[in-house]
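Coordinate inspection notes
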Amino acid sequence: PALAGERVRKAYQAASPRGVHIRILPRLEHALLGADLGRFHDPDITDLLRRPPRKLDRDRMREWVRGRRVLITGAGGSIGSELSRQVAQLEPAALALLDASELNLFNIHGEMAPRHGPILLRPYMVDVRDGAALRRVFAEVRPEVVFHAAAYKHVPLMEDFPEEALRTNVLGTLDLAQLAVEHHVEKFVNISTDKAVKPCSVMGASKRLAEMACQALNGNGTHFLSVRFGNVLGSRGSVVPLFQEQIRRGGPLTLTHPDMRRYFMSIPEAVLLVFQAAHQGRGGEVFVLDMGEPVRIRDLAENLIRLNGLEPGKDIEIVATGMRPGEKLFEELLTAEEGVDSTSHDKIYVARFKEPIPAGFLEKMAADCRAAGRDAKKIRALFAAHIPTYHEE
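Figured I'd write up the structure that's included with this text. In this text the structure is predicted, and so the values were computed from the model without any measurement.

Concerning the nonpolar core
With 47 residues, the main nonpolar core has Leu 98, Phe 138, Phe 188, Leu 209, Phe 224 and Phe 383 as its most contacted residues. Taken together, the elements giving at least two residues each to this core come down to β2 (94–99), α7 (131–141), α8 (155–160), α9 (162–182), α10 (202–217), α14 (361–372) and α15 (376–386). At ten residues, the largest contribution of residues to this core is made by α9. The next biggest cluster of nonpolar side chains, apart from the first, holds 38 residues, and it includes Met 61, Leu 95, Val 227 and Ile 348.

Some remarks on the packing of α10 against α15
Put simply, α10 and α15 touch, their axes get as near as 11 Å, and they point 45° apart. The pairing of α10 with α15 is recorded here as oblique in orientation. Of the two elements, α10 crosses α15, and the hand of that crossing is left-handed. In this structure, α10 uses Val 202, Ala 205, Ser 206, Leu 209 and Met 212 to contact α15, whose residues at the interface are Arg 380, Leu 382, Phe 383 and His 386.

Digging into the sheet that holds strand β15 (residues 348–351)
Read from one edge to the other, the open sheet built from nine strands follows the order β3-β2-β1-β4-β5-β6-β11-β15-β14, with strand pairing classed as mixed. Edge strands, defined here as strands with exactly one partner in the open sheet, are β3 (121–125) and β14 (340–342). Strand-to-strand twist across the sheet, computed as the mean angle between neighbouring axes with direction ignored, equals 25°. As paired elements, strand β11 (residues 286–289) and β15 share three bridges and run antiparallel to each other. Looking at β15, one finds that Phe 287 is bridged to Val 350. Lying on the sheet, α10 is in contact with β5 (187–193), β6 (223–229) and β11; it crosses β5 at an angle near 160°.

Describing helix α5 (residues 78–88)
Across the eleven residues that make up α5, a large majority, ten, are buried. Buried within α5 we find Ser 78, Ile 79, Gly 80, Ser 81, Glu 82, Leu 83, Ser 84, Gln 86, Val 87 and Ala 88.

Focus: the packing of aromatic side chains
Considering all chains together, one arrives at four aromatic pairs under this definition. Aromatic pair Phe 188 and Phe 224: ring centres 5.0 Å apart, planes at 40°, arrangement tilted. Taken as a pair, Phe 188 in strand β5 and Phe 224 in strand β6 lie far apart in primary sequence, 36 residues in all.

About the cut-offs
Residues numbered from 1 in each chain as written. Predicted model: local features only at pLDDT ≥ 70, side-chain atom pairs only at ≥ 80, totals over all residues. Heavy atoms only, no water. Core = buried A, V, L, I, M, F, W, Y, C linked by side-chain atoms within 4.5 Å. Buried < 20%, exposed > 50% of the residue type's maximum accessible area, 1.4 Å probe, protein only. Helix = DSSP H or I, 4+ residues; strand = E, 2+ residues; numbered from the N terminus. Axes fitted to C-alpha atoms, helices over the stretch in contact; angles between N-to-C directions. Parallel < 35°, antiparallel > 145°, perpendicular 65-115°, else oblique. Left-handed = near helix turned anticlockwise from the far one by under 90°. Contact = heavy atoms within 4.5 Å. Pairing = 2+ DSSP bridges. Phe/Tyr/Trp six-rings, centres within 6.5 Å; stacked < 30°, edge-to-face > 60°.

These values are about where atoms sit, not about what they do.
See below:
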């Protein structure tokens, strides 16, 4: 169960064509928590991509969270729901789950309520773009820690609807962050993305502006920090569930470019590192998570086909459809323009920026966002005006 992903891949790729089945035992610590050691499982994509397990000092995390009131936005999403589960285990005084999606909020609250009860959990069906509703939530919850995971994240959709990225990812974050200052929140953790590095897409640029807003607000009594990471395996709308559905329909599997590479991390791993960064952050940082080696999307597709007992090119075709607007062939986590500094954790770095956030940035950026309205050209112009590394592909 502790075998590195590269060795699991090699074993699987050698065994599968010969009709030999690979089975994997549960980890010993899972068995100690009640899992049956005799319950083998077939390899899945997380086994093939796994890296050495990350260690989290859960006692220190519990000391930080215990007895505090925590608010999580986007609480029903892929990252937000795992954040919610993990925070609830660290004994907060109260946990507010905020999401604009009725279904997502219903699912995460329904999953957690039987274990944690109505006193601890408070669901709020609120959009982060609704400033008045957010203000009511802050007044009622009085959060001491905020994890901000609510965002639009799909690159092609945001190319078509840049005004939505602006309203949610930028202005929504700004309103939430300003409320955090007003209500004396201790720490505000903004979940960001590798697409904010030298952004060429609307989504990436909107997330970089959100980071910059948090950097600009730091020092007003609330410690603001952002955490960047790449793709998470199995998140809604991501490539793995899409490929699985295409396999179920008999193919073909569609990818935009055969040489496209992406960084991948499991959802629990990403959340553990977010906690670690949040705990050690002192304010103003943009943390960068070590995502390991990038994975070629075609290799990912072929492995998924084989995991379903089929042969690539024989049972299921793989078709390249062409890159979409805003997409990069390779995502960048660390850039020559920025560079990084190490931290006390070997998988977490702090991004360096050549240029500080300029004075008056928040007021000017917010005014430009509102003046741009729904005009795509004006929106892209404001990205260019405020983000030194922004460029259009």
